Structure formats: structure tokens, C-alpha cells
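An overview of the molecular structure
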Amino acid sequence: MITTSTVLTLSLAKAMGFYFIAGGLSGFISRTRWAAILDEFIARPALTFISGVFVFVLGAALIMAHNIWTDPLAIAVTLIGWAAAIEGIVLVAYPDPLLRWAVKFVRPGAVRAFSVFTILLGAVFLALGFTGRAGL
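This report concerns the structure included in the present document. Here the residue index of a chain counts from 1 through its sequence in written order. Confidence filtering applies because this is a predicted model: local features only for residues at pLDDT of at least 70, side-chain atom pairs given and counted only at 80 or more, and all residues used for totals across whole chains, interfaces and linings. Only hydrogens and water are removed before side-chain values are computed, so all heavy atoms of the structure are retained for them.

Another aspect to go through is a nonpolar patch on the surface. A grouping of Phe49, Ile50, Val53, Phe56, Val57, Ile89 and Val92 is seen on the molecular surface, where their side chains present a nonpolar patch of about 580 Å² in accessible area. Contributing elements (two or more residues each) for the nonpolar patch: helix H3 (45–65) and helix H4 (72–93). As for its position among the elements, Ile89 is in helix H4. A relative accessible area of 45% places Ile89 in the partly exposed class. Grouping into patches uses exposed residues only, defined as over 30% relative accessible area, and leaves out salt-bridged ones; the cut-off is 9 Å for like charges and 5 Å for nonpolar side chains (Val, Leu, Ile, Met, Phe, Trp, Tyr). Method for areas: the Shrake-Rupley scheme with a 1.4 Å probe, in which residue coverage is limited to the protein chains shown. Think of a salt bridge as a Lys or Arg side-chain nitrogen and an Asp or Glu carboxyl oxygen that are within 4 Å of each other. Elements are defined by DSSP. Helices are runs of H or I of four residues or more, strands are runs of E of two residues or more, and each kind is numbered from the N terminus. Burial classification: accessible surface area is computed with a 1.4 Å probe over protein chains only, and a residue below 20% of its type maximum counts as buried, one above 50% as exposed, and the rest as partly exposed.

This is the structure:
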């Protein structure tokens, strides 16, 4: 069992865990879908821009609600918020390098490996979220 500073950390860990597991499962269920989504991002700059704004807003909201650096789980949740905000800024301002880098992850072997990693990460976040307690 992990002890973290707030109930919010545990709740966000659960939400992130479910999200990571869903994303990982999508890689197994429809591997070609990830490549098609990335192709759409590359072909449609407006979609990339709007997605970047959305990701930035989610990341910024997470940072404003949970910018906590007291324990490992809180730090992990906070870092995910910062990563989302930075990714959103990059998608809005200069998406080409990020999209070129992402192309490497949509190859069949890479999708499977990334899916396994994402599912395991989600399971860890879920386990910590459900078994942890708040109150450092």
C-alpha cells in the first residue's frame, strides 16, 4: 500500500489507470487504427491544432488542480499533467518533430510493445489508486 498526500491523487491515479489500459487495449484490438489516426493528424493540420489545444487545456487543468510533489504517486500524476501540457503546446506550435517521432510507434511490433507497456502502466496506476491511502 502507498500513502499519498491527497484523495485527489488516488482518484486521478484510478482515472489515468483506466485510460492507459483502454489505450493499450486499443493497440491490441485495432493495431492499424493507430497508424490511421496518425495519418489523419499529419494530413489535417487543423485536427492537430485543435487536438493540441484540447491536450494543453487538460494538462493545464491537471496542473492547476494537482501540482503536488510530495510522494512518488503524486509526482507521477503531476508529471503526466505537465507532459500533457507540454505535448499540447508542441502540437499547437510545432507539431512536425513530434509527429515524425510518433510514426516510429505505429509499426506493428512497436504498437504491440507500446500496448503492453501502456496496459502495465495502467494496471500499476489502478492498483496504487485503489489500494493507496491519503494522508501523509
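Back to the text.
Right, let's get into the environment of Leu121. Position of Leu121 among the secondary structure elements: in helix H6 (residues 108–131). The spatial distance from the C-alpha of Leu121 to the C-alpha of Gly17 is 7.1 Å, given a sequence separation of 104 residues.

It is characteristic of soluble globular proteins that their nonpolar side chains tend to be buried jointly. Only buried residues count toward a nonpolar core, which is a set of Ala, Val, Leu, Ile, Met, Phe, Trp, Tyr and Cys residues joined through side-chain atoms within 4.5 Å. Of all hydrophobic cores here, the largest spans 10 residues; its members are Ile2, Leu10, Leu12, Ala13, Met16, Phe20, Leu62, Leu73, Val77 and Phe125. At the level of elements, helix H1 (7–29) and H4 are the ones that each hand at least two residues to this core. Considering every element that reaches this core, the biggest residue donor is H1, with five residues. Throughout, a contact is declared for two residues whenever any of their heavy atoms are within 4.5 Å. With sequence-adjacent residues up to four places away left out, Leu73 is seen in contact with Ile2, Thr9, Leu10, Ala13, Phe125 and Leu128.

Two measures define how a pair of helices packs: the angle their axes make with one another and the distance between the axes. As a packed pair, helix H2 (residues 31–43) and helix H5 (residues 96–103) sit with axes 11 Å apart at the nearest point and diverge in direction by 160°. In this view, H2 runs roughly antiparallel relative to H5, as classed from their interaxial angle. H2 and H5 meet at a crossing whose hand is left-handed. In contact with Leu38, Phe41 and Ile42 of H2, H5 contributes Leu99, Ala102 and Val103. Here the nonpolar group is Ala, Val, Leu, Ile, Met, Phe, Trp, Tyr, Cys and Pro; Asp, Glu, Lys and Arg are the charged ones; every other residue, Gly included, is treated as polar. Class assignment for the residues of the contact of H2 with H5 results in six nonpolar, no polar and no charged. Lines fitted to the C-alpha atoms define the axes, with helices restricted to the stretch that makes contact. Angles between their N-to-C directions range from 0 to 180 degrees. By the definition adopted for this analysis, an angle is roughly parallel if under 35 degrees, roughly antiparallel if over 145, roughly perpendicular if from 65 to 115, and oblique otherwise. If you view the pair so one helix is near and one far, a crossing is left-handed when the near helix is turned anticlockwise from the far one by less than a right angle, and right-handed when it is turned clockwise.

Quick look at the environment of Ala13 now. The topology assignment puts Ala13 in helix H1. A residue is classified by how much of its surface remains accessible, and Ala13, at 0% relative accessible area, is buried. With near-sequence residues (within four places) excluded, Ala13 lies in contact with Leu73, Val77, Phe125, Leu126 and Gly129.

What follows covers H2. Three- or four-residue spacings in an α-helix give side chains the same orientation, since the helix completes a turn every 3.6 residues. Here H2 contains 13 residues, and its C-alpha end-to-end distance of 19 Å stays within 8% of the 18 Å for a straight helix at 1.5 Å per residue. Taken as a whole, H2 has its buried residues at Trp34, Leu38 and Phe41. Taken around the axis of H2, the buried residues stretch over an arc of 55°, which confines them to a single face. Away from its buried face by more than 90 degrees, H2 exposes Thr32 and Ala43. By this rule, a helix spans an expected 1.5 Å times one less than how many residues it contains. Here the arc refers to the set of directions running from the helix axis out to each C-beta atom.

One pair of aromatic rings is described through two measures. These are the centre distance and the angle between the planes. Aromatic pairing here means that ring centres of Phe, Tyr or Trp (its six-membered ring) are within 6.5 Å. Orientation follows from the plane angle: under 30 degrees is stacked, over 60 is edge-to-face, and everything else is tilted. By the definition in use, this model includes six aromatic pairs. Consider the rings of Phe20 and Phe125, whose centres lie 5.7 Å apart with planes at 80°: the pair is edge-to-face. One end of the pair, Phe20, is in helix H1; the other, Phe125, is in helix H6, and 105 residues separate them in sequence. For the residue pair Phe20 and Phe125, the accessibility class agrees, reading buried in each case. Members of the aromatic cluster, connected to one another through ring pairs, are Trp34, Trp101, Phe105 and Phe114.

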